Amino acid sequence: MPDSDHPAVTLLSSIAYLESLDRVTLQSVARSATQRSYEADQIVFLEGEASSGLGVVQSGWLKAVKSAPDGREQILNFLGPGEVINAVGVFASDANPATVIALERSTLWIIRRETMLGLLDTHPGLARAVIQDLAGRVLHLIQLVEDLSIRSVEARLARLLLEQARTDILPRQRWATQAEMAARLGTVPDVINRALRALAQDGLITVERHQIRILDKAGLARKADPDL
């Protein structure tokens, strides 16, 4: 198969980590990558296990979670097509820092940890992109801690809706149950249900079967951050 026809090249070239690589190097990375498919609820990376590599999502949706001994989950992030998985495990340690679980049938390309570490030694542009990305992940976790410790569930929900909405309509994935949303926001489904009703009663959103429509983005922003 010609290099230009490799199915991973287009996807990998769209990743911020890899967009600075020259064509020949990118082709080499693509050839070394392994494609894997996972069914819903299947574990992709298990917390504490040795990192097998960097995951790039081709299709499907997954969640990164930390689990308590009693089985409760705190969802750190939802991850979809074009996003990178397990960067911290690859670049900052040799173990997976969280468990990643497929929410639906998903396909990933896995780039071996050794390949990514070798590229850092020879491509300064990649090293800068990795530093920027890891810094962004730290800021995301700081914000998550802040939200869980000092913001109400209603404010956390308003922020999440604003972050996930590309337009004024937020499609609801099949897996996007109130239980999953509750685990993302550090609460329980009944509380999420009440918070959704409160935002709707305030005229900020409407909740439909397959989507949430934002009616007042500025009002929702004020709800997310009362200091605005």
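Everything quoted here is computed from the prediction, not taken from an experiment.

Secondary structure assignment for the protein yields nine helices and eleven strands. Taking the principal axes of its C-alpha atoms as reference, the protein extends roughly 55 × 40 × 35 Å. Across the 228 residues of the protein, 42% fall into the buried class. Within the protein, residue pairs in contact and separated by at least 24 positions form 69% of the contacts whose partners lie at least 6 positions apart. In the structure as shown, the protein presents an accessible area of about 11,900 Å², 52% of it carried by carbon and sulfur atoms. Across the protein, the centroid of the 25 positively charged side chains sits 3 Å from that of the 28 negatively charged ones.

Enumeration over the complete set of coordinates arrives at three aromatic pairs. Cluster of aromatic residues (ring-pair linked, three or more members): Trp61, Phe78 and Trp175.

Here we take up helix H5 (residues 124-150). Given a rise of 1.5 Å per residue, 27 residues ought to cover 39 Å, and the 39 Å separating the end C-alpha atoms of H5 matches this to within 8%. Within the span of H5, buried status applies to Leu126, Ala129, Val130, Leu144 and Asp147. Against the buried residues of H5 lie strand S5 (73-79), helix H3 (87-91), helix H4 (113-122), helix H6 (153-164) and helix H7 (178-185).

A few words now on the nonpolar core. Nonpolar side chains tend to gather and get buried jointly when the protein is soluble and globular. Ranked by size, the top nonpolar core spans 25 residues in total, and within it Leu12, Tyr17, Leu18, Leu54, Phe91, Ile111 and Met116 carry the most contacts. Counting only elements with at least two residues in this core, the list comes to helix H1 (9-13), helix H2 (23-32), strand S3 (53-59), H3, strand S8 (106-112), H4 and H5. With residues near it in sequence (within four places) discarded, methionine 116 still touches Leu18, Leu54, Val90, Phe91, Ile111 and Leu126. Ala158, Met181, Leu204 and Ala224 belong to the second-largest nonpolar core, a separate cluster that totals 20 residues.

So, about the environment of valine 65. Residue placement: valine 65 occurs in strand S4 (residues 62-67). Taking the C-alpha atoms as reference points, valine 65 and arginine 112, 47 residues apart in sequence, are found 22 Å from one another. Leaving out residues up to four positions away in the same chain, valine 65 has contacts with Glu73, Gln74, Ile75, Leu76, Ala98, Thr99 and Ile101.

Opposite charge on two side chains allows them to pair when their charged atoms are near. Per the counting criterion, the structure on display carries eleven salt bridges. Aspartate 202 is the partner of lysine 223 in a salt bridge, and the nearest nitrogen-oxygen pair spans 3.1 Å. Of this pair, lysine 223 sits in helix H9 (residues 217-224) while aspartate 202 is found in the loop between helix H8 (189-201) and strand S10 (205-207), placing the two residues 21 residues apart along the sequence. With relative accessibility at 26%, the residue lysine 223 sits in the partly exposed group. The shortest N-O distance in the salt bridge between arginine 213 and glutamate 208 comes to 3.7 Å. Relative accessible area serves as the criterion here: at 32%, glutamate 208 is assigned to the partly exposed category. Each member of the salt-bridge network shares a partner with another, and the members are Lys63, Glu73 and Glu180.

To continue, consider the sheet that holds strand S2 (residues 43-45). If you trace the four strands from one edge of the open sheet to the other, you get S2-S7-S4-S5, paired in antiparallel fashion. At either end of the open sheet lies a strand with only one pairing partner, and these are S2 and S5. Geometrically, the sheet is characterised by an average inter-axis angle of 35 degrees between neighbouring strands, direction not taken into account. Sheet topology note: the S4/strand S7 (residues 99-102) ladder contains four bridges and is antiparallel. For valine 65, the partnering residue across the bridge sits in S7 and is threonine 99.

Conventions used here
Residues numbered from 1 in each chain as written. Predicted model: local features only at pLDDT ≥ 70, side-chain atom pairs only at ≥ 80, totals over all residues. Heavy atoms only, no water. Helix = DSSP H or I, 4+ residues; strand = E, 2+ residues; numbered from the N terminus. Buried < 20%, exposed > 50% of the residue type's maximum accessible area, 1.4 Å probe, protein only. Contact = heavy atoms within 4.5 Å. Areas by Shrake-Rupley, 256 points an atom, 1.4 Å probe, with all protein chains shown as cover. Lys, Arg positive; Asp, Glu negative; His and termini not counted. Charge placed at Lys NZ, Arg CZ, Asp CG, Glu CD. Phe/Tyr/Trp six-rings, centres within 6.5 Å; stacked < 30°, edge-to-face > 60°. Expected span 1.5 Å × (residues − 1). Core = buried A, V, L, I, M, F, W, Y, C linked by side-chain atoms within 4.5 Å. Salt bridge = Lys/Arg side-chain N within 4 Å of Asp/Glu carboxyl O. Pairing = 2+ DSSP bridges. Axes fitted to C-alpha atoms, helices over the stretch in contact; angles between N-to-C directions.

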